[in-house]
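Coordinate inspection notes
In case you want the letters, here they are:
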Amino acid sequence: FFMLRADFVRIRPPDWRYGNIPERKSAVMYDPVKVQRMIGYTFRNQELLKEALMHRSFATEHNIKFDNQRLEFLGDAVLQIILTEYIFKRYPDYSEGDLTKLRSALANQSSLAMLARHIDLGSALMLGRGEIETGGSSRESTLSDTMESLLGAILLDSYLTTARDILLKLLHPF
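None of these values were measured; they are calculated from a predicted model. (Residues numbered from 1 in each chain as written. Predicted model: local features only at pLDDT ≥ 70, side-chain atom pairs only at ≥ 80, totals over all residues. Heavy atoms only, no water.)

For the rest of this paragraph, the subject is the packing of helix H5 (residues 96-107) against helix H6 (residues 109-118). Closest axis-to-axis distance for the H5/H6 pair is 5 Å, and the angle between their directions is 45°. Regarding the angle of H5 to H6, the classification is oblique. Contact with H5, carried on its side by Ala105, Leu106 and Ala107, involves Gln109, Ser111 and Leu112 of H6 and no other residues of that element. For the contact of H5 with H6, the residue count by class is 4 nonpolar, 2 polar and no charged. (Axes fitted to C-alpha atoms, helices over the stretch in contact; angles between N-to-C directions. Helix = DSSP H or I, 4+ residues; strand = E, 2+ residues; numbered from the N terminus. Parallel < 35°, antiparallel > 145°, perpendicular 65-115°, else oblique. Contact = heavy atoms within 4.5 Å. Nonpolar A, V, L, I, M, F, W, Y, C, P; charged D, E, K, R; others polar.)

Right, dumping it as structure tokens:
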């Protein structure tokens, strides 16, 4: 069991880990305005969006101490709860096994990559040179992971209902 002690938790300003992020000098440019326009949401904390779009290769190359992996972890849970609630309500006659299969189909790597392509998320990623050269911006695993990190960032910037509305709107055409 974990216990938090008040003297152990340090309160820091909201953007304590964000320093100056180097400008991209590559063919794939970080474009936060485009991403926000495509999802129909403007981040109050733009640094969360930067973190969501920062691949570990970029962070490593530029000696930045964070990347999108923690947000990916959070976003995976956000995705699961939103999809679970949605299909549970939408398909009241489905068995538990059928609901699980449907959720798996919606939350798998290919489906998330398809959503990421729909909003052109690959063009907004901050990738290291090696990732750019090997096509990282179109790689299914990278797009899927970034979609999850984006959902995690939206949750931290707003509410679960906002993340739900955005995800379900993105899923609607499919």
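Still more ground to cover, so stick around.
Looking now at the side chain of aspartate 67. Within the fold, aspartate 67 resides in the loop between helix H3 (56-61) and helix H4 (69-90). Look at aspartate 67: it is buried, it has no salt bridge, and the nearest opposite charge is arginine 56 at 6.1 Å. A distance of 2.9 Å separates a polar atom in the side chain of aspartate 67 from the backbone nitrogen of glutamine 69. Those residues within four positions of aspartate 67 in sequence are excluded, and the remaining contacts are Glu51, Met54, His55, Arg56 and Ala59. (Buried < 20%, exposed > 50% of the residue type's maximum accessible area, 1.4 Å probe, protein only. Lys, Arg positive; Asp, Glu negative; His and termini not counted. Salt bridge = Lys/Arg side-chain N within 4 Å of Asp/Glu carboxyl O. Polar contact = N/O pair within 3.5 Å; in protein donor to acceptor, adjacent residues only side chain to side chain.)

So, on to the pattern of salt bridges. If the charged atoms of two oppositely charged side chains come close together, the side chains can form a pair. In the structure shown here, the tally under the stated rule is 5 salt bridges. The salt bridge involving glutamate 85 is made with arginine 164; its shortest N-O contact spans 2.7 Å. Pair noted here: glutamate 85 is in helix H4 and arginine 164 is in helix H9 (residues 160-171), with a separation of 79 residues, a long-range link. Taking the relative accessible area as the measure of exposure, glutamate 85 reaches 26% and is therefore partly exposed. Between glutamate 131 and arginine 139 there is a salt bridge; the shortest N-O distance is 2.6 Å. What makes arginine 139 partly exposed here is its relative accessible area of 29%. Taken together, the salt bridges that share partners define one network made up of Glu85, Lys89 and Arg164.

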